[in-house]
Structures are given as structure tokens and as C-alpha cells.
Amino acid sequence: MYQVDIDHGQEKQPRLPAADGGEESIHAIGQEGMGQQTHLERRKGKLASKFTLVNISTNLLLAYQSLGVVYGDVSTSPLYVYRSIFVGKLQNHQNSEAIFGAFSLIFWTITLIPLLKYVFVVLSADDNGEGGTFALYSLLCRHAKFSLLPNQQAADEELSAYKYGFSGQSTACLPLKRFLEKHKKSRTVLLVVVLLGACMVIGDGVLTPAMSVISSISGIQAATEHLSHGGVLLLSCIILVGLFALQHSGTHRVGFLFAPVVTIWLISIFVIGLYNTIFWNPKIVSALSPYYIIKFFKETGKDGWISLGGVLLSIAGTEAMFADLGHFTASSMRIAFPFFVYPCLVVQYMGQAAFLSKNIASIPNSFYNSIPDIVYWPVFVIATLAAIVGSQAVITATFSIVKQCNALGCFPRVKIVHTSKHIKGQIYVPEINWILMILTLAVAVGFQDTTLIGNAYGLACMTVMFITTFLMALVIIFVWQRSVALATSFLLLFWLIEGVYLSSAFIKVPQGGWVSLVLSFVFLATMLVWHYGTRKKYNFDLHNKVPLKWLLGLGPSLGIVRVPGIGLIYSELATGVPSIFSHFVTNLPAFHSVLVFVCVKSVPVPFVSPEERFLIGRICPRPYRMYRCIVRYGYKDIQRDDGNFEDLLIQSIAEFIQMEAVEPQLSSSESPSFDGRMAVISTRSVQSGSTLLVSEEDFGISNSIQSSKSLTLQSLRSAYDDENPQMRRRRVRFRLPENPGMDPAVRDELSDLIQAKEAGVAYIMGHSYVKARRSSSFLKKLVIDIGYSFLRKNCRGPAVALNIPHISLIEVGMIYYV
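About the thresholds
Residues numbered from 1 in each chain as written. Predicted model: local features only at pLDDT ≥ 70, side-chain atom pairs only at ≥ 80, totals over all residues. Heavy atoms only, no water. UniProt positions renumbered as here; feature names shortened; annotations may be inferred. Helix = DSSP H or I, 4+ residues; strand = E, 2+ residues; numbered from the N terminus. Buried < 20%, exposed > 50% of the residue type's maximum accessible area, 1.4 Å probe, protein only. Contact = heavy atoms within 4.5 Å. Areas by Shrake-Rupley, 256 points an atom, 1.4 Å probe, with all protein chains shown as cover. Salt bridge = Lys/Arg side-chain N within 4 Å of Asp/Glu carboxyl O. Phe/Tyr/Trp six-rings, centres within 6.5 Å; stacked < 30°, edge-to-face > 60°. Pairing = 2+ DSSP bridges. Arc of directions from axis to C-beta.

Under an unreviewed UniProt entry, the name given to the protein is Potassium transporter, and the source organism is Nicotiana attenuata. Recorded under Sequence similarities (unreviewed entry), the UniProt text for the protein is reproduced unchanged: "Belongs to the HAK/KUP transporter (TC 2.A.72.3) family." UniProt, in its Function (unreviewed entry) section for the protein, records the words "Potassium transporter."

### Digging into the overall build of the protein
A tally of helices and strands in the protein yields 30 helices and 15 strands. The 818 residues of the protein split such that 56% are buried. Pairs at least 24 apart in sequence give 83% of the contacts found in the protein among residues at least 6 apart. As presented, the protein carries roughly 34,100 Å² of accessible surface, and 61% of it is formed by carbon and sulfur atoms.

### Details of the pattern of salt bridges
One pass over the full model with this rule turns up 10 salt bridges. For Arg618, the salt bridge goes to Glu660, with nearest N and O atoms at 2.4 Å. Remark: Glu660 occurs in helix H24 (residues 645-662) and Arg618 occurs in strand S9 (residues 614-619); sequence separation between them is 42 residues. Take Arg618: its relative accessible area is 6%, and that puts it in the buried class. Overall, Glu660 belongs to the buried group, its relative accessible area being 5%. A salt bridge links Asp752 to Arg625; the shortest N-O distance between them is 2.8 Å. Here Asp752, found in helix H28 (residues 744-759), pairs with Arg625, found in the loop between S9 and strand S10 (626-634); they are 127 residues apart in sequence, far enough to count as distant. Assessed through its relative accessible area of 31%, Asp752 is described here as partly exposed. Among the charged side chains, a network of salt bridges with common partners joins Arg618, Arg622, Glu660 and Glu749.

### Quick notes on the environment of Pro737
Along the polypeptide, Pro737 turns up in the loop between strand S13 (731-735) and H28. Judged by its relative accessible area of 17%, Pro737 is buried. Separated by 10 residues in the primary sequence, Pro737 and Arg747 place their C-alpha atoms 9.7 Å from one another.

### Comments concerning the packing of aromatic side chains
According to the stated counting rule, one finds 28 aromatic pairs in the structure shown. Measuring from ring centre to ring centre gives 5.8 Å for Phe399 and Tyr428, while their planes differ by 85 degrees; the resulting arrangement is edge-to-face. In this pair, Phe399 is assigned in helix H17 (residues 376-407) and Tyr428 in strand S6 (residues 427-428), connecting sequence segments 29 residues apart. For the pair Phe399 and Tyr428, one class covers both residues: buried. Ring geometry for Phe614 versus Phe645: centroids 6.1 Å apart, planes at 25 degrees, classification stacked. Of this pair, Phe614 sits in strand S9 while Phe645 sits in helix H24, and the two are 31 residues apart along the sequence. One exposure class covers both Phe614 and Phe645, and it is buried. One aromatic cluster is present, built from ring pairs that chain together Trp265, Phe367, Tyr368, Tyr376, Trp377 and Phe380.

### As for the environment of Phe244
One can find Phe244 in helix H9 (residues 229-245). Of the residues examined, Phe244 reaches a relative accessible area of 0% and is grouped as buried.

### Considerations on the pairing of strand S7 (residues 561-570)
Judged from the eight bridges that link them, S7 and strand S8 (residues 590-603) form a sheet pairing that is parallel. The residue of S8 that forms the bridge with Val563 is His592. The pairing of S7 with strand S14 (residues 761-771) spans four bridges and is classified as parallel. Bridge assignment links Ile566 to a residue of S14, and that residue is Val761.

### Remarks on helix H11 (residues 291-300)
Among the residues of H11, Tyr292, Ile293, Phe296 and Thr300 are the ones counted as buried. Along H11, the residues classed as buried sweep out an arc of 105 degrees about the axis, all on the same side. A positive backbone phi angle near 60 degrees is found at Gly301, which sits one or two residues after H11.

### Digging into unusual backbone geometry
Its identity is not glycine, yet Gln448 carries a phi of approximately 60 degrees, on the positive side. Position of Gln448 relative to the elements: it lies in the loop between helix H18 (430-447) and helix H19 (450-478). Of note in the backbone geometry, Cys620 takes a positive phi value of approximately 70 degrees without being a glycine. As for its position among the elements, Cys620 is in the loop between S9 and S10.

### Side note on the pairing of S10
Most of S10 sits inside the fold, with nine of its nine residues counted as buried. Side chains of S10 alternate between two faces, with Met626, Arg628, Ile630, Arg632 and Gly634 and Tyr627, Cys629, Val631 and Tyr633 buried alike. Relative to S10, S8 is paired through nine bridges, and the arrangement is parallel. Bridging from a neighbouring strand, Lys601 pairs with Arg632 of S10. Bridge count between S9 and S10: five bridges; the pairing is antiparallel. Following the sheet pairing, Phe614 is matched in S10 by Val631. With antiparallel pairing between neighbouring strands as the criterion, S9 and S10 make up a hairpin whose turn holds six residues, including Cys620 at a positive phi of roughly 70 degrees.

So this is what it looks like as C-alpha cells:
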């Protein structure tokens, strides 16, 4: 436990000098032996780090799994890259010199962007192990005041996961930092850029499965004339439906199922590429020199620049390496790509180029025509399976992006299913999965041509990479504390490379590229509308808080009857009493004897440890029995209902009451405010050494029925217990310890808390309707009254998202005019 003094929204926390001369947050004070325990845990951590064999084996296992989840997309690109390069304008330049130049372009593109940029630089910019554009944005918001997200507090900065990266502040970046922090428009642009990158990844999730599966199935058409184009499309659609139906199994199972397929696939294309290089044209090795790129552009000119839209498909799926980082580790990806994926791809592209240099007419079906006849059908089967697997990387990345957007208030509430107990980042989002499936089938049936899909696919991929480069430059400055010159050099180098590819991709917007723009615009509009509405609703609550003087004037009874029980009033406000409480008081004739204002909020860190989950404080003087509890989650945390939230909350409040009596600064009478003095209560210390004595007993339907005098409640509880057997396993009872030295006022307050818990707990929420004011502009009315209202009505309700039992839920309607 540590104290947090809040004065007008600012928290001041005591700090202690650390052993290394730095500073260390106080996470637990008042618990005997806590410091020794922390020291022992550190020593254990150092000893554990010495067992490198365990770490190596874990990373090798994760590297193997990552083949099936992360690298399936980029590893299947040889199916269609050469065909995409030489289609259109480059048809007049189909000769061996152009093929040598195309291979040289592919080689250096794979070397510079996936290998140099992502493996060696971008993977180092993880946020406590998490990747993706939102992870970079989260890092930036924690090292500078760039965030536009509501309900963030200074107390959040004391989270152990908050200060991640280099400490200190470089004076070189201060002018740029002040400029960005001062101008709200610049911070808004930053958020829009991040959301655009996230939307492009989601667009990839639509385009990649269609592109990969249709390309692989076309191998049947190349080998036999009996299968029509319609048959290829039908078979592709069946495979796509099966792929999305598999997603509920989870990344862990899918990884183990798909990893052998990608492994065999990569080995196969490596052997075929090596064979073709030796058999057809060993001189292709000389094309590793960038000299052939210069020759290529001299010969092809503008047509060669336009063909770069096909070259960039060779690195499509690279962003999944970073976006899927939370499912694996940076070390595992640094093992898998440079030592296995990269050499296999280079040799395969080299082999195809060697084959095509002697067989120019085979360009439309370059991959399948380059396969020796004796192994054609086995490789075709593996290619089809690998194409299915190739779609997995970007689908998994889409789930991760949606979860991050949802947690940070930029996406409507959706169901998040955590599919692994061991790796927190592995999730499945049912609604997004089926939306992706419908959109993918629509793209496949609508275009029926991989060239058009590839144009849209390439534009989406390169836009994400372009945005990642920009965010990485900011990370180098603000998070890594490096010089602006270094960040500028990084930015210019990769923006120059990626800008050339991006300009080529934009040329093909009329030829299918518009699809990625439309998909991104739809998802971006959804995110911006939701974020705007959420901020407006929060600001309404913030500016219409119930005055503390009004509550104090009502007295401890609040002017109504206080009945036994605990009322948990849910609000998005982290400070103050929400306006909806006055609505409750004026509409309800009675209220519970103990009131707890609960705020469940996400903070811009991936995970919040159990020791820092609860932030407990008091509202009004002690006789009012009103408390505040802020429950903090990271954007990757599991908000799972494990059935003991009420018990942990009661124990945490009891711990706060006891601590308040021991530490006089919490109950100081010098401050006229009774709202804001809060303390972090460790849930682990509460469970190990609680102020209250805890006893557990098993109970079933009969006990819950006997405890109620109402026949209606008996039948309701019986039905609820039948549907929720896991909630009937145990009942926790609290009692006060025999401690004659306890302060009588503290004993009375704890006794009231226990009696209120025995009487029952009710969850109280506002059923809010958000509307634009009459004086608002037409655009604002359109966004709030139509867009935001539609999203609120069709997404998961807050009670469902917070795992609140409906049998104990009280809702009161309220209209927010924003």
C-alpha cells in the first residue's frame, strides 16, 4: 500500500532512494516484511535469469510456433510476386535483364525493410513485450503528454509498468516535445495517424486471406484445364470459411497446427529454389548486386517505377511481425526470421528468377511452372495449406489491434476471448472474426482477380509501414532519448525507400487500390466517432460533477433512507461524484448504507500487476460511509469475472480503513476536501494478511433460497444459480478479529462494512443516452445522434463488458446533452 495525496487532480507520492542511486516507487507500506520480500523476489529473479537453457528452449519453441502464426503471410508471397511485377506496363520488358533486376529489387527490399528495419530496430520498441502501432503510441503518451484519452491521472504514472524504456530527459528533444504538448491539433493528428495505421492492418485482415488462398488454388487451374475460374473461386470461398471458423481455437492451438505446414513449405521452396538456380541459370547469383537495380530502371523507366507495386508484395505481412509481438517474444522472432525464413525466401526468389530468365513465357504462372513435375502435386498441396496459414498472421494481428483500440477507448465494446492461460496476448474476437470473413468473401467474389486484390493489398501494407517508420522516429527521440539527428536519419532513410513504393501503390488506386482506402475509411470513421463520443460523454460528467458541499449539506443520511447493503455505483469518473448520483438520489426513496463509487478504467500500459490494481479512497467524512475504488487495467489485461471481485473490494476497503487510522496524513483535518486522498491496496497483501478474518463455506441452491424471504427472489436466484453453477462454489464471510486495541470508530466502521456485505451487494449503473445539443452543428448532430448512438446500441453493453451479474443490477436512465 502507498499513499496518494490528490489536490485538484494532482497526486503526490513519496519516493525512496533505490540501491542503485535512482528512485523507486513505494508499492507497499505498512505490511511487515514487505521490503524483504521484494528483495528476495529480485534475488530469485536474478537467479532465474541464469538458467539460459530454459530461456533458449522457450524462445525456440515460440520461434517454431511463430512460423505458423506470424510468417505464413510473407512466406507465401512467392506465389504471386513475379506475376504481379510483370503484369501491365512491364509486359513490354519481359526479358532476362529485367528479371535479373526484379530479383535484385526483391532481395534488397526484403533485406532493408523486414530484416534491417523490423528485426533489428522496430522489434526493440516493444511496450513491455507488446507490439503494433498502438504499442508505440502508448509508449509515446507515457513519455510525453500526447494522449487525448480521458480519465488519466498522475497516479497512473507510478505504475511499475509505466516507466518503460530510458529514464531521464534529453534536452535536445524538449522544444519538439513542448510544441507537440502545447498544440492540441498536433496531438489529434498523431492519434488519427495511429488509428489510420491500425485501420490499414484491419484492412490487411480482409485482403490477405483472399489474395493468398485464390493464388494457391489457381495452381489447379495451371495444372489442369478441367477446373474453370468459377470452380477456383468456389473452392477458395469454402477454404476461407473454414479458415475463419478455426479462429475460435486460439493462437496457441492454431500455431501448433499450422507451424509444421509453414516449416515444410519453407523447406520445400528453399530446395526448389536451389534446384532451379543450379539447373536453369547459376549466374542469377550476380543479381544480388544493387547494380542490377540501376540497370532495371535504366531499361524500364517509368514502367519500372509502376511495377514496384508488385515488388512490395514480397514484404507484405512484415508488419505482422511487430503487431503479433504480444503473442510471442522479440527473441523468438529474431531467431525465426533471419536464420530460417529470410534465407528460404531469398533462395526461392532467386530460383524463380533463374527459371524465368530461361522461360520468359512462364511469367503468368511463374511459381507453379518452376516446380519440377515429379513434385508438382505434393508442393501444390503444401502451397494451398501454406496459403491458408498465411492468412493467420494478419487475422491474429487484427484481433490484437482491436483489443488495444477497445481498451484505449477508440473502438466499440466487443467480446474479447482469451484463448491461452499462459500467454496473455493470445485472444479471439468473435464479432471481428465474422465481419472479416464476410468482407473477405465479398472481396474474393467481387474481384476474382489476384492482380486487383494485390493492388489494394500492397497499398495497405506499405501505408502501415510508412506510419510505423514515423512513430519509430518519435520513439527514438522521446522514449530512447537519442538525438534528433539520429531519428531524422532513420526517418529519411526508410521514408525514402517506402515513399517510392507507396507512390507506386497509389498509382494503382483505380485498379483495385481503392478497396483498402474504403475499408480503412470505414474503420477509421468508426474509431473516431466512438472516441469522440466517449470523450464528450466523459467531459459532460467531468463538468457536471455533484458539488461536495451539496452532499455534505444532506448529512450522513443523504436526505433519504439508508438501508442495509452495499451499493456499487459504476462511473467513468476517476475523481468527484458523477451527476448521475444526484439523479439516483432524487429518484430513489432509499439507498444503501455503504456506497462505493467504482471506476473501471484502462491505463496506457499493457498490464497492471495485482499489487497495483485497486486504488481506494474516501468520499465525504467517515459517518457517510462513502468510498471510491478505481480498478485499473492495462490494454492487454484480462478483465475476467473470477467471482471474487466483491470480496477483494470489501477487503481492500477494510485495509484502507485500518491504514487510515494508522497513518494520520490520510485523515488530516488540514485539508477541507474529503475527496481525493487515495491509497493503492495490493490484492496479494490483502489475501495474505487481511484486516478482516475470512471464512469460506460451500453453498448451493437451497442456501440461497433460504436466505431470501421473497418467493419471487427465491425463484430468480434459483434460476440464476442453475445457469451459473461456478458462482455457487463458495460463500465468503467476514468477521472482525479480537483486537482490544482497535480504535472504536474503526471497529464500528468495519462492523458496518461487514453487515452491509451480509445484507447483499447491488450494482448500480446509469443507462445513458447521449444526444447533441440543439445548438450543435449539423456535423456534430450527425456524429453523436446517428453515428455514436448507432454504435452504442449495437455494441456490448457496459454491464456485460464489466461482467456485472444482471440479477443484482440496477439501471437508471439519464440523457447526456453534449
